[in-house]
Amino acid sequence: MDDQEFLEYVQAGGQVETGDWMPDDYRAKLVKFIEMHGNSELMGVLPEREWILRAPTLQRKLALTAKVQDEVGHSQLIYRVVEDLGKPREHCLADLVSGKSKFHNVFHYPTKTWGDVGVIAWLVDAAAIISQKALLKCSYAPYARIMKKICWEESFHILHGRDVILAMVTGTPEQFELVQEALNRWWPPLMQFHGNPIPADDDPMYQWRIKSQGNEEARQQFLDGYVPQMLELGLTIPDPALRKRDDGVWEYTEPDWDELRHVVTGHGPKTQERLGFRRLNHDETAWVRSVVLAEAA
Amino acid sequence: MNARSRVEVLLELADDELILGWRDSEWTGIAPLLEEDVAFSSIAQNEIGHARALYELAARELGTDADALAFDRAPDEYRCAPLVELRRLEWARTIARHWLYETADEIRLAVLKASDDPEVAGLAAKIDREEAYHRMHAEMWIDRLLATEEGTTRLREAIDELWPYALGVLDGELRLQLVERVRGRLPFDLPEVEPVTRGQHTEELRELWDEMTEVRRSAPTGAQW
Amino acid sequence: MIWEVFRQERKGQPFQHAGSVEAPDFRFAEIYGREQYGRRGESEALWLVPREHLSVVEGWADEFDLKYRRVDGYSIKARLKEARERAESR
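Procedures and definitions
- Residues numbered from 1 in each chain as written.
- Chains lettered and ligands numbered in written order.
- Predicted model: local features only at pLDDT ≥ 70, side-chain atom pairs only at ≥ 80, totals over all residues.
- Pairing = 2+ DSSP bridges.
- Helix = DSSP H or I, 4+ residues; strand = E, 2+ residues; numbered from the N terminus.
- Axes fitted to C-alpha atoms, helices over the stretch in contact; angles between N-to-C directions.
- Parallel < 35°, antiparallel > 145°, perpendicular 65-115°, else oblique.
- Contact = placed C-beta atoms within 7 Å.
- Nonpolar A, V, L, I, M, F, W, Y, C, P; charged D, E, K, R; others polar.
- Buried ≥ 20, exposed ≤ 12 C-beta atoms within 10 Å, placed from the backbone.

Novice: Can you walk me through the sheet that holds strand β2 (residues 16-22) of chain C in this structure?
Specialist: Whether parallel or antiparallel, the strands of a sheet pair through hydrogen bonds between backbone atoms. All names here are of chain C. With respect to topology, three strands assemble into an open sheet ordered β2-β1-β3, the strand pairing being antiparallel. Strands at the two margins of the open sheet, each flanked by one partner only, are β2 and β3 (45-50). The sheet shows a mean angle of 30 degrees between the axes of neighbouring strands, taken without regard to direction. The sheet contact formed by strand β1 (residues 2-8) and β3 spans six bridges and is antiparallel. Paired with Phe 6 across the bridge in β3 is Trp 47.

Novice: It is not clear to me how the packing of helix α2 (residues 34-62) of chain B against helix α1 (residues 26-38) of chain C should be interpreted in this structure. Could you clarify?
Specialist: Packed helix pairs are specified by the crossing angle of their axes together with the interaxial distance, meaning the distance between the axes. Contact pair α2 of chain B / α1 of chain C: the axes reach a minimum separation of 9 Å and the direction vectors enclose 75 degrees. The angle between α2 of chain B and α1 of chain C falls in the class roughly perpendicular. Within the contact between the two elements, α2 of chain B uses Glu 35, Val 38, Ala 39 and Ser 42 of chain B and α1 of chain C uses Ile 31, Tyr 32, Glu 35 and Gln 36 of chain C. Classifying every residue of the contact of α2 of chain B with α1 of chain C by side-chain character gives four nonpolar, two polar and two charged.

Novice: Help me out: how do you make sense of the interface of chain C and chain B in this one?
Specialist: Reports of interface size often rely on the accessible area that becomes lost once the parts have come together. Contacts between chain C and chain B engage ten residues on the former and six residues on the latter. Going through the elements one at a time, β2 and α1 of chain C are the ones with two or more residues in the side of chain C that touches chain B. The leading source of residues in the side of chain C that touches chain B is α1 of chain C, at six residues. Considered class by class, the residues forming the side of chain C that touches chain B number five nonpolar, one polar and four charged.

Novice: I tried to follow the packing of helix α4 (residues 89-97) of chain A against helix α11 (residues 271-284) of chain A on my own but got confused; where do I start?
Specialist: All names here are of chain A. Relative orientation of the contacting elements α4 and α11 amounts to 140 degrees, with a least axis distance of 9 Å. Here α11 runs oblique to α4, going by the angle between their axes. Taking contact as the criterion, the partners of Leu 93, Leu 96 and Val 97 in α4 are, on α11, Leu 275, Arg 278, Arg 279 and His 282. Considering only residue class, the contact of α4 with α11 consists of four nonpolar, one polar and two charged.

Novice: Can you walk me through the environment of Pro 23 of chain A in this structure?
Specialist: Residues and elements named next belong to chain A. Within the element layout of this structure, Pro 23 appears in the loop between α1 (3-11) and α2 (24-52). By C-beta crowding, Pro 23 is classed as partly exposed, having 17 other C-beta atoms within 10 Å. A sequence separation of 19 residues divides Pro 23 from Gln 4, and the C-alpha atoms of the two residues are 9.4 Å apart. Once residues within four sequence positions are removed from consideration, Pro 23 is found in contact with Asp 3 and Phe 6.

Novice: Looking at this structure, how should I read the interface of chain B and chain A?
Specialist: Facing the 36 residues of chain B at the interface are 37 residues of chain A. Residue assignment for the side of chain B that touches chain A shows that the elements contributing at least two residues are α2, α3 (66-71), α6 (118-146), α7 (149-167) and α9 (203-217) of chain B. At ten residues, the largest contribution of residues to the side of chain B that touches chain A is made by α2 of chain B. Of the residues that constitute the side of chain B that touches chain A, the class distribution is 17 nonpolar, nine polar and ten charged.

Here it is, written out as structure tokens:
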């Protein structure tokens, strides 16, 4: 098979396994994409785990711990796929903490209140699931297979998030305000999350059928699904230009794509602090990995 | 039940499990290996789950609920052993504490399983069945650490530091059983130390309590979350 | 060491490949396998195998017509119709 035949093969729905021949460009883009996903799961746990320790009921503590546990579990599944493609986990982690590789924008921002816990589990995870469902059809089969398990596990995260939000919006006025305030802060990163609109023809990820959905399509799906959920709770969405046209397309204030680029290249409000934390943690626990992987005495 | 009241016994065990589970959950997201992160998080969740079941049993007697017992008491009112209060975000100490606690807990649960109070005996049996898995995990790690020189050195340092606290988890005859088990299992001597007994709390518990109750205290008592 | 994990969802069902975990020996592989593929009670049982003990087999010669070994190698419609018609006229 040559590059052109391979392209036709995947565009016709063909599946690729680990040992199969694949164009260098396909392999490189695949590794970078999947690695970024793994990085994102691992960085996403840092803002969330702070709230495990402050969860206000035993039930919430269990649910949040289980959710963060799932995210770590997902990073394990994802890095295993990357490793089988030729890049060992330790290299991925080294590139992550050195700032060489990227992770999604939303995990570069601070969390400030319990309202953030609800908004992240409900809306950020919802935005992520939309992308993840599109990956179920990824041409690279090992990745498509783990996406199945990931999507299945994420389904409880969203319900948990919604439950947290519902408890607060039906609680005290201060609790309602916590949710509204968190939504105000998270709205811009949420709108940037799926990336700037790229025409399918210009998107190599779509051409290789690594992604089966364009960025704008994902964002529209998110708005379709979740704007009604926000409005029905009496929340205000902090974009006065947001509206659904008669043809079903959502209009909104153009997200700041410069900000997105700036953040994912390592300049988010919490980027360096979190990478530093991961670096320190990684160094401090290096002895454990060497003991575990050592030959038994 | 004998000299101590049923509630005291339940709260002691519940507080141990809550605070240990809380400490163990500090590793979620930052454990040394991804696979271990997932495994250890389940252990932490199990411990919180045990605490919840124990609190629920005590709560019925006290006319309150599990969350109120877990969160709404002052730090001095908790009955946990100092061992579980220590903040030790260092893996050798974490494993050493995990193993020491599980060993002590097995001894304690054996007594509770034989209680003539069927609810307490039943719950102790359930907890013990889940902790069999914790013990398996702890033993595996002890063996792994002892299999290398570096692991053995680090484990020894950790045991030396935690031993006085471990002694404080149990009293009397049960404490002697713990000493015998630990001595029999480890290839190095234990330090001669005084136990750090229950009834006194560390400054670390206060700090933990501040953080644990921060969100809860931000709304009036009885607010829903 | 990489261990391949096969899981059985319910008793009676086949074991299917579910993923892999990194572990130095069986004891660690068991704990990690149990967690990744069973912490929600979603598995009845697991098979764990070091990857190096798996042998991959693929590629079959496909040169001649072997349809006679399968259901789709048999088309009895026309003959059956004829046999029924003959039976009616007897």
